Amino acid sequence: MTELGDGGAGPGFGLPSLSDAYAIVNYDNIAGQLAAPSPLRSGVRYRDDWWDNYTDSGPDPVPHQGTIAVAHHGCDSYTVLIVTGTARGRLAMLDFTGVPGPYVLEDDDFLSWYERWLDELAAGYRIGLAEGKIPGDQQRLVDILVTDANAARRARAARSMLAFDDLRPATVAALANVAVDPAPEVRAEAMRVAAARVLTALVPVTRDLFNDPNATVRLAAFDALSAFGQVDLPALARRLLDDSSAEARTRAIRWLSDADELSGQDLAPLCMDPDVRMRRTAVHHLFAARGARVPGLLANALTDAQPLVRLAAVQAIGRRAEAGLRGQLIDALATETDAMVRTNLQRVLADLATR
């Protein structure tokens with residue numbers, strides 16, 4: 001790293017030069033940051049809020065001190081080499097937004113990590129789909145998935161299976177068995193692998209997990225069923241419209257819209273949702289909805305208490321060229337106080353006048 005490489009081929013977008021590797025982690029130009037002991041520890045599960053405990057000026061260490069970047073995976077995601085502290089010599093996945101939380105890789109050192117990348121690349125593994133893959137073949141990953149006491153490690157073992165194009169029957173069977181895993185992150189990762197590899201043998205398990213108590217698992221199961229091309233997907237999406245999770249309801253709206261299956265009847269309850277973000281999303285997607293209820297829903301949304309919802313209604317009316325709502329638009333313009341909504345009202349009225 002110090003004499004022969006100094007940058008070059010490697011995981012992600014490759015290895016940066018040493019000068020860039022240090023500049024990436026010391027973007028605040030803090031003196032002594034490289035020598036300060038890294039707070040990262042092997043075997044620790046860092047939650048998504050881990051970064052909140054650190055400040056550059058406080059008594060706690062800077063989260064990325066004592067590390068240098070050795071691979072860039074896009075956006076703010078890096079593999080870093082820990083050069084000080086108790087985990088010195090190990091590598092870690094680190095996102096400079098703080099989310100997801102970091103984790104120390106299982107490779108013993110830089111050379112082990114780099115040689116594994118070369119070996120797996122030569123073996124045809126899909127390296128980019130399993131950043132931070134646990135070292136080992138499918139059997140080792142299955143053993144971890146089935147027996148490891150650490151839920152985060154079981155989830156990572158499942159995610160690591162994305163590195164393989166062809167999953168063995170024993171691997172598929174292990175993924176099917178995670179339906180009873182107590183950790184939702186493990187169940188969700190298994191569903192993501194099922195979707196990515198179109199493991200239609202897992203259809204029964206996936207349907208069971210579509211009813212999972214955890215929203216993330218339910219959505220991962222829906223994505224897998226979508227990848228499997230199940231014929232009842234519109235009905236499943238409409239079930240998600242009543243889901244307790246706002247993310248699930250939003251995903252269902254978008255899926256139905258993309259599939260040209262969305263109706264005003266689907267969106268009517270969500271246009272009155274107590275959450276302004278959900279109302280805005282529902283009203284926005286009225287532009288692509290079908291059915292006799294759509295104009296009435298748009299007219300009602302013009303009187304919503306929140307300007308973001310009114311703006312979504314005006315824009316949807318414009319995209320649909322709903323000339324029948326011209327009178328309601330004129331009435332709305334007479335009372336509208338929000339500058340952005342007024343501008344859009346004027347634009348849409350002008351557009352409708354030319355039709």
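Residues numbered from 1 in each chain as written. Predicted model: local features only at pLDDT ≥ 70, side-chain atom pairs only at ≥ 80, totals over all residues. Heavy atoms only, no water.

A. Spatial organisation of helix α13 (residues 294-301). Three or more residues of α13 are buried, namely Val294, Leu297, Leu298, Ala299 and Ala301. Contacts made by the buried residues of α13 are with α11 (264-267), α12 (276-284), α14 (307-320) and α15 (326-335). (Buried < 20%, exposed > 50% of the residue type's maximum accessible area, 1.4 Å probe, protein only. Helix = DSSP H or I, 4+ residues; strand = E, 2+ residues; numbered from the N terminus. Contact = heavy atoms within 4.5 Å.)

B. Up close: the pairing of strand β1 (residues 67-72). Of all the 6 residues making up β1, 5 are buried; the element is thus mostly covered by neighbouring parts of the structure. Relative to strand β2 (residues 77-82), β1 is paired through 5 bridges, and the arrangement is antiparallel. In the strand pairing of β2, Ala69 is matched with Val80. Between β1 and β2, which pair antiparallel in sequence order, lie 4 residues; one of them, Gly74, sits at a positive phi of approximately 105°. (Pairing = 2+ DSSP bridges.)

C. Representation of the nonpolar core. Residues Leu145, Leu175 and Leu286 are the most contacted members of the largest nonpolar core, which totals 83 residues. The leading source of residues in this core is helix α8 (residues 215-228), at 8 residues. Every residue in contact with Leu286, bar those within four places of it in the chain, is listed here: Leu267, Cys271, Val294, Leu297, Leu298 and Arg320. (Core = buried A, V, L, I, M, F, W, Y, C linked by side-chain atoms within 4.5 Å.)

D. Molecular detail of the packing of α15 against helix α16 (residues 339-353). For the pair α15 and α16, interaxial distance at closest approach is 10 Å and the crossing angle is 150°. As far as their axial angle goes, α16 and α15 are roughly antiparallel. For α15 against α16, the interelement crossing comes out left-handed. Across the interface between the two elements, Arg326, Leu329, Ile330, Ala332 and Leu333 of α15 pack against Arg342, Leu345, Gln346, Val348, Leu349 and Leu352 of α16. Split by residue class, the contact of α15 with α16 holds 8 nonpolar, 1 polar and 2 charged. (Axes fitted to C-alpha atoms, helices over the stretch in contact; angles between N-to-C directions. Parallel < 35°, antiparallel > 145°, perpendicular 65-115°, else oblique. Left-handed = near helix turned anticlockwise from the far one by under 90°. Nonpolar A, V, L, I, M, F, W, Y, C, P; charged D, E, K, R; others polar.)

E. Seen up close, unusual backbone geometry. The phi dihedral of Val198 falls on the positive side, at around 45°, and the residue is not glycine. Of note, Val198 is situated in the loop between α6 (184-196) and α7 (203-209). Not every positive phi belongs to a glycine, and Ala321 is a case in point at roughly 50°. Following the sequence through the fold, Ala321 ends up in the loop between α14 and α15.

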